[in-house]
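Structure at a glance
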Amino acid sequence: MTALAMQGVGITLGGTVVLDDITLHVAEGEFVSILGPSGAGKSTIFRLLTGALRHDRGMVTAGGRPLDQGEPGFAFMPQRDALMPWRRILDNLTLGLEVQGMARREARARVLPLLSAFGLAGFERHYPAQLSGGMRQRAALLRTLVQGRPVQLLDEPFGALDALTRTQMQAWFEDRWREARWTTLLVTHDVREAVALSDRIYVLSRRPARVIAEIPVPAPRPRLGRAPGPDAHALEAQLVDILLTQTGDQT
Amino acid sequence: MQHPPPRHQGGGLIRGIPAILSVVSAFVIWELYVRVSGISPLMLPAPSRVLEQMVQNRALLWHNTLPTIQATLSGFALSVSVAFALSIVLDFMPRVRRALFPIFVVSQTLPLVAIAPLVVLWFGFDLTPKILLVALVTFFPMLVALVDGYASTDPEIEALLRSMGASRRVLFRTARLPSAMPYFFAGLRISITYAVVAAIFAEYVGARAGLGIVILNAKNSFRPDLVLAAVVISSVLTLVLFAATALLQRIVLRWRDVGEVR
Ligand SMILES: Nc1ncnc2c1ncn2[C@@H]1O[C@H](COP(=O)(O)OP(=O)(O)OP(=O)(O)O)[C@@H](O)[C@H]1O
Ligand SMILES: [Mg+2]
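A brief look at the structure comes next.

Here is what the cut-offs are and how they apply
- Residues numbered from 1 in each chain as written.
- Chains lettered and ligands numbered in written order.
- Predicted model: local features only at pLDDT ≥ 70, side-chain atom pairs only at ≥ 80, totals over all residues.
- Heavy atoms only, no water.
- Phe/Tyr/Trp six-rings, centres within 6.5 Å; stacked < 30°, edge-to-face > 60°.
- Helix = DSSP H or I, 4+ residues; strand = E, 2+ residues; numbered from the N terminus.
- Buried < 20%, exposed > 50% of the residue type's maximum accessible area, 1.4 Å probe, protein only.
- Lys NZ or Arg CZ within 6 Å of the ring centre and 35° of its normal.
- Contact = heavy atoms within 4.5 Å.
- Buried area = accessible area lost by both parts, 1.4 Å probe.
- Salt bridge = Lys/Arg side-chain N within 4 Å of Asp/Glu carboxyl O.
- Polar contact = N/O pair within 3.5 Å; in protein donor to acceptor, adjacent residues only side chain to side chain.
- Nonpolar A, V, L, I, M, F, W, Y, C, P; charged D, E, K, R; others polar.
- Expected span 1.5 Å × (residues − 1).
- Bend = angle between axes of the 7 residues up to and from the residue.
- Pairing = 2+ DSSP bridges.
- Right-handed = clockwise from strand over helix to strand, strands pointing away.

Section: the packing of aromatic side chains
- Tallied over the entire structure, the rule returns 14 aromatic pairs over all chains.
- Here Phe158(A) and Phe173(A) contribute two aromatic rings whose centre-to-centre distance is 5.8 Å and whose plane-to-plane angle is 65°, an arrangement assigned as edge-to-face. Remark: Phe173(A) occurs in helix α6 (residues 163–180) and Phe158(A) occurs in the loop between β7 (151–155) and α6; sequence separation between them is 15 residues.
- On the basis of relative accessible area, Phe158(A) is assigned to the buried category, the value being 0%.
- Aromatic ring contacts, followed pair by pair, group Phe31(A), Phe158(A), Phe173(A), Trp177(A) and Trp182(A) into a single cluster.
- The positively charged end of Arg168(B) is found above the aromatic ring belonging to Phe92(B), 4.7 Å away from the centroid.

This is how it looks when you write it as structure tokens:
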């Protein structure tokens, strides 16, 4: 079943056409990536899906229903981790559940068993400033996933990390994903990351953004933690070629 | 990495030493100057004489310090609670904010010298006008601190909360209010220093008792030593209140004192 679909979606912000024509879909249990140059409008797609913006043109459906009717059922991880510095890690993790109206005690009981899988055990009483970048990112991820929403929207979850930590986190995340199979829409400008994690990849043009390619990734999982096959390399090269046509005179 | 020590643990006293030294040496120089020059105590009393007078007149001073403390604390409590309540209204109603803010700015430009006699005229020699004047002086800094504090909320945190389905009320409680706390305490520390001065000035204009009255009477009977004794008490009072707000801030904003590991 289709968890999320966008049909000819466009938006103009302050006189600038940011999204021109976005058509994409995510099936249940599927991992889909949006790959695009910097400033293309990737985060704008998420701002639209989370209700921070409204699209001018086209149609968005979540679980078969138009976006503005009822709960869309997305859990969102913003581009920066957006952890609240005044809340301890545990209280940051329960935030989504508490907003949903769950009692704090119950929310904690839901979060606590997941801490060790996310490498956060022993740090639940710490404040975000006391955590390393990788840990903060894992905390932001757990805060997203624990909400139990049908679709996960992840905006460059590993973008702020150094190369080594990023590679570790991607492999770790692939393991988690293979266990849970969250329906996921991932935004990234990292070609390797998109190829390693996705079932399908949409490539965006530079602003005004349109979908210029849709590419399935058939390689078997797990893909990370071992040498990538020649198919993966060919795919990465193909994607880089497409993206290179989209850089240049953008502002 | 486990529980790093708080940033300023125990450092307070040691870092205060230069300040204490400079104050003490200022008093020593003053004392020496008075003794060597033989200047009349009616012009400039030595610190030792001021201290002596404080001890001698302790009953009188204590009796007059209590009303000042009362006016300061009541006025301050009034202004902080009104500013807090109003800041919430303004945060939820931006149009009201734009309509009312100029009025609050004007309230700040009113000269205390002109306003105080009027307020005393309207409300008499009791506590009420003092409370009102203290509140008037401290209200605006508190309101601005809160309104600015709400506006400082990280937009990304707000977007996150909205994506979770948070209402405007939940947004305020979980993000905007905590974001405003550092601003609130900055405002608190600034206005608490205005508060004592405003209370004393209000008494000076018209009251039955208070440090302002001590100063007025001492001045009229040519007793600079007693004026200075009242000044010393008001300074100590301000410092104590300032320290109390700093302590409260340390407790409420504990998360800002944790060490950064990144
Ligand atoms: N309110 C606005 N008014 C005008 N232009 C806007 C507005 N909001 C966003 N834009 C423009 O839309 C474009 C897309 O922004 P967006 O944040 O979605 O890019 P992105 O693909 O997520 O980039 P990055 O990879 O750097 O995160 C940017 O060029 C930005 O300048
Ligand atoms: Mg972005």
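Section: the interface of chain B and chain A
- Between chain B and chain A, the contact holds 25 residues from the first and 29 residues from the second.
- The junction of chain B with chain A conceals about 2,500 Å² of combined surface from both sides, 65% of it contributed by carbon and sulfur atoms.
- In this structure, Arg80(A) engages Glu156(B) in a salt bridge whose closest nitrogen and oxygen atoms are separated by 3.1 Å.
- Inspection of the region where chain B meets chain A yields three residue pairs in polar contact (both at pLDDT 80 or more).
- Elements with a minimum of two residues in the side of chain B that touches chain A: α7 (155–163) and α8 (168–205) of chain B.
- Among the residues making up the side of chain B that touches chain A, the classes are represented as 13 nonpolar, seven polar and five charged.

Section: helix α4 (residues 94–109) of chain B
- The end-to-end C-alpha distance of α4(B) is 23 Å, a good match for the 22 Å that 16 residues give at a rise of 1.5 Å each.
- At Leu100(B), α4(B) is bent by approximately 35°, the largest bend along its length, and proline Pro102(B) sits one to four residues beyond.

Some points on the pairing of strand β2 (residues 16–27) of chain A
Residue and element names in this part refer to chain A.
- Sheet topology places strand β1 (residues 2–13) next to β2; eight bridges connect them, and they run antiparallel. Bridging from a neighbouring strand, Leu13 pairs with Thr16 of β2.
- Turn length for the β1-β2 hairpin, with the two strands adjacent in sequence and antiparallel, is two residues, and the turn residue Gly14 shows positive phi of about 50°.
- Where β2 lies against strand β10 (residues 209–216), two bridges are found, and the strand directions are parallel. Bridged to Leu19 within β10 is Ala209.

Thoughts on the side chain of Gln130(A)
- Looking at the element boundaries, Gln130(A) is found in the loop between α4 (104–111) and α5 (133–145).
- Reaching out from Gln130(A), the side chain makes a polar contact with the backbone nitrogen of Tyr127(A) at a distance of 2.7 Å.

Structural notes on unusual backbone geometry
All names here are of chain A.
- A cis amide bond links Arg207 with the next residue in sequence, Pro208, at an omega value of -5°.
- Backbone geometry places Ala82, a non-glycine residue, at a positive phi of 55°.
- Ala82 sits in the buried class, given a relative accessible area of 5%.
- The residue Arg181 is not glycine, and still its phi comes out positive at about 55°.
- Residue position: Arg181 is located in the loop between α6 and β8 (183–188).
- You can call Arg181 partly exposed: its relative accessible area is 42%.

Observations concerning the pairing of β7(A)
All names here are of chain A.
- In terms of burial, β7 is a largely internal element, five of the five residues being buried.
- Taking every second residue as pointing to the same face, both faces of β7 are buried, with Val151, Leu153 and Asp155 on one and Gln152 and Leu154 on the other.
- Relative to β7, strand β6 (residues 74–77) runs parallel, the two being bridged by four bridges. Residue Met77 lies in a different strand from β7, and its bridge partner there is Leu154.
- Pairing of β7 with β8, which is carried by five bridges, proceeds in the parallel orientation. Counterpart to Val151 in the pairing with β8 is Thr183.
- For the crossover that starts at β7, traverses α6 and ends in the parallel β8, the hand is right-handed.

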